[in-house]
Amino acid sequence: MSKGNAMMRAEIARERSKVLSGTSWSGANLVAKIIVMLIYLFIVIQIIRYHDVIEPAYLVFALMGAYFVFIPATLHGSIAGERESRSLDMLLAAPVTAQQVVLGKLARAIVPITWLALALGVPGLILAFTHEISSHQPFCAYVGPFIVGFLYALLTAATLACLVTYISSRAKTTAAALMATIGVIFVGLFVYPAVVGIFTMGMMGTTTEFFFVLHPFVVVSQLFFNIAEGSIWMVISSLAFLVGSVALIGFATQSVSAEYREGKGMSQKREEVGTVEK
C-alpha cells in the first residue's frame, strides 16, 4: 500500500510541476496559460458586473464544461503514453501492482479537479450567497442547490477521469486515446441526447426522463429547475457514476494486468530460448 501511495504522490507531484515549474512558463505553454488566465479573468469580471443577473447554476455548468476539457487533456496519455514510449514495461517490472499503476495515473486528475473547483467554486458560492441575501429567499433557494450541484460536478469529474484512464489503458498511442476520448464524450453529450430526443418525441413523463438521468448537464439543470425532483435524479445518477467508476477502474486494471502477464510470458520465453541456445 505504501508503494502505491508513493506512486500516487509522485504522479500528483509530476502534474503539479507541469503547472508551477519554471519550464512550463515558456513558449507555447506560456501562451496557453495566459489565454486561460485571461478567460478566467473575463469570467470573474462578468460575475462581478452582472452578479444580480447571473445564476449560480451557470458556474456549475462552467465547472463541468471545464472538467470535460482539462481532464481528458491531462489523462488521455496517462497509460497510453507510457506504452507508446515503452516505459510501461519498466513500470510493470517495478514492485507495484497493476491496480497501483492505474490508481497512480488516475491520481493525476486531482490537480486539475482541485484547481478548477477552487477557481469556479469559490466565486459560485459567493454568487449564491449574494442571490440569497438580495432575494430574501430561504437557504435552500440558491446556496443549497449550488453546493449539491458543485459536489455532483466533482463526482462527474471523478467518473470522467476513470473513463479517460480506462480508454488510455486500452489505446496503443496517445493520439488514439485522445481521439477515442473525444469520440466517446461527443457521443455521450451530444449524439445520445439527440437520438433519444428523436425516438421519444411526443412521449412525456418518467419514461422520457429516464433516458437523460446519466447526462450530467441535464441532471444539474433539473436540480436548479426543481430541487425536489432534481435531487432524486442526482441520487440515481450519482449511484450510477459511483458504480461505473469502480467498474472502469477494474477494467483498466485488467487491461494493464493482461499486458503485464503478456510481457512476463514473453520474457520467460526469451529466457528459455537463451537457455536452449547455451
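Remember, it's a predicted structure, so these values are computed and weren't measured experimentally.

Trainee: Can you tell me about the layout of surface pockets, naming the residues and giving the values?
Mentor: Rolled over the atoms, a probe sized like a water molecule indicates the empty space that remains. Space inside the second largest pocket adds up to approximately 520 Å³. Along its surface, the second largest pocket is lined by 20 residues, and L163, G188, L214, P216 and F241 are the ones closest to its centre. Among the elements of the structure, α8 (143–170), α9 (174–199) and α12 (227–277) are those that each provide at least two residues to the lining of the second largest pocket. Here the lining of the second largest pocket takes five residues from α9, the largest share from any one element.

Trainee: Please provide a residue-by-residue account of a nonpolar patch on the surface, values included.
Mentor: A surface patch of nonpolar side chains, about 710 Å² in accessible area, is lined by F186, V187, F190, V191, V195, I198 and F199. The exposure class assigned to I198 is exposed, which follows from its relative accessible area of 59%.

Trainee: How would you sum up the packing of helix α7 (residues 110–135) against α8? Please name residues and give values.
Mentor: The N-to-C vectors of α7 and α8 enclose an angle of 165°; their axes lie 9 Å apart at closest approach. In terms of axis orientation, α7 runs roughly antiparallel to α8. Considering the relative orientation of α7 and α8, their crossing is right-handed. Taken together, the residues of α8 that come into contact with α7 (itself represented by I113, A117, L120, G121, G124, L125, A128, F129 and E132) are V143, F146, I147, F150, L154, A157 and A158. Of the residues belonging to the contact of α7 with α8, the class tally is 13 nonpolar, two polar and one charged.

Trainee: Describe in detail the packing of aromatic side chains, supporting the description with residues and values.
Mentor: In this description, a pair of aromatic rings is defined by centroid distance and the angle of the planes. Counting across every chain of the model gives six aromatic pairs. Relative to F150, the ring of F146 has its centre 6.2 Å away and its plane inclined at 20°; by these criteria the two rings are stacked. Here the residue F146 and the residue F150 both occupy positions in helix α8, the gap between them amounting to four residues, near one helical turn. Looking at F150, the relative accessible area reads 19%, which means it is buried. With a centroid separation of 6.1 Å and 55° between ring planes, the pair formed by Y166 and F251 is classed as tilted. Taken together, the residues span a long stretch of sequence, with Y166 in helix α8 and F251 in helix α12 at a distance of 85 residues. F251 sits in the partly exposed class, given a relative accessible area of 44%. Among the aromatic residues, ring-to-ring pairing joins F61, F68 and F217 into one connected group.

Trainee: Summarise the side chain of E132; cite the residues concerned and give the values.
Mentor: In this structure, E132 sits in helix α7. Despite its burial, E132 pairs with no opposite charge; the closest candidate is R49, at 24 Å N-O. A distance of 3.3 Å separates the side chain of E132 from the backbone nitrogen of Y142, its partner in a polar contact. A distance of 2.9 Å separates a polar atom in the side chain of E132 from the backbone nitrogen of V143.

Trainee: Please provide a residue-by-residue account of the environment of L242, values included.
Mentor: Topologically, L242 is positioned in helix α12. Along the primary structure L242 and A158 are separated by 84 residues, whereas in three dimensions their C-alpha atoms are 8.9 Å apart.

Rules used in this analysis
Per chain, residues are indexed from 1 in the order of the written sequence. Totals for whole chains, interfaces and linings use all residues, but because this is a predicted model, local features are given only for residues with pLDDT of at least 70 and pairs of side-chain atoms are given and counted only at 80 or more. By convention in this description, side-chain values take in all heavy atoms of the structure and omit both hydrogens and water. Think of a 1 Å grid over just the protein atoms. A cavity is a set of points where a 1.4 Å probe fits yet cannot get out, a pocket is an open set with protein on both sides within 12 Å along at least five of seven lines, and lining residues have an atom within 4 Å of a point. Grid points are joined across faces, edges and corners, and a volume is the space filled by probe spheres set on the points. The secondary structure listing takes helices from DSSP runs of H or I that are at least 4 residues long and strands from runs of E that are at least 2 residues long, numbered from the N terminus. Patch rule: a residue counts if its relative accessible area is over 30% and it has no salt bridge; like charges are joined within 9 Å, and nonpolar side chains (Val, Leu, Ile, Met, Phe, Trp, Tyr) within 5 Å. In short, Shrake-Rupley with a 1.4 Å probe defines the accessible areas, and a residue's cover is counted only from the protein chains shown. A pair is scored as a salt bridge if a Lys or Arg side-chain nitrogen falls within 4 Å of a carboxyl oxygen belonging to Asp or Glu. Buried means the residue's accessible area, taken with a 1.4 Å probe over protein chains only, is under 20% of the maximum for its type, while exposed means over 50%, and partly exposed covers the values in between. Only the stretch in contact is used when a helix axis is fitted, and all axes are lines through C-alpha atoms; the angle between N-to-C directions ranges over 0 to 180 degrees. Comment on the angle field: the value is read as roughly parallel under 35 degrees, roughly antiparallel over 145, roughly perpendicular from 65 to 115, and oblique elsewhere. In this scheme the handedness of a crossing depends on how the near helix is turned from the far one: anticlockwise by less than a right angle means left-handed, clockwise means right-handed. Whether two residues are in contact is decided by their heavy atoms: any pair within 4.5 Å suffices. Just so you know the grouping, Ala, Val, Leu, Ile, Met, Phe, Trp, Tyr, Cys and Pro go in nonpolar, Asp, Glu, Lys and Arg go in charged, and all remaining residues, Gly too, go in polar. Each pair of aromatic rings taken from Phe, Tyr and Trp, with Trp reduced to its six-membered ring, is defined by centres within 6.5 Å and is described as stacked if the planes are under 30 degrees apart, edge-to-face if over 60, and tilted in the remaining cases. Positive charge is attributed to Lys and Arg, negative charge to Asp and Glu, and no charge count is given to His or to the chain ends. As used in this structure description, the phrase polar contact means that two N or O atoms lie within 3.5 Å; if the pair is within protein, one of them must be able to donate a hydrogen and the other to accept it, and residues adjacent in sequence are counted only when both atoms belong to side chains.

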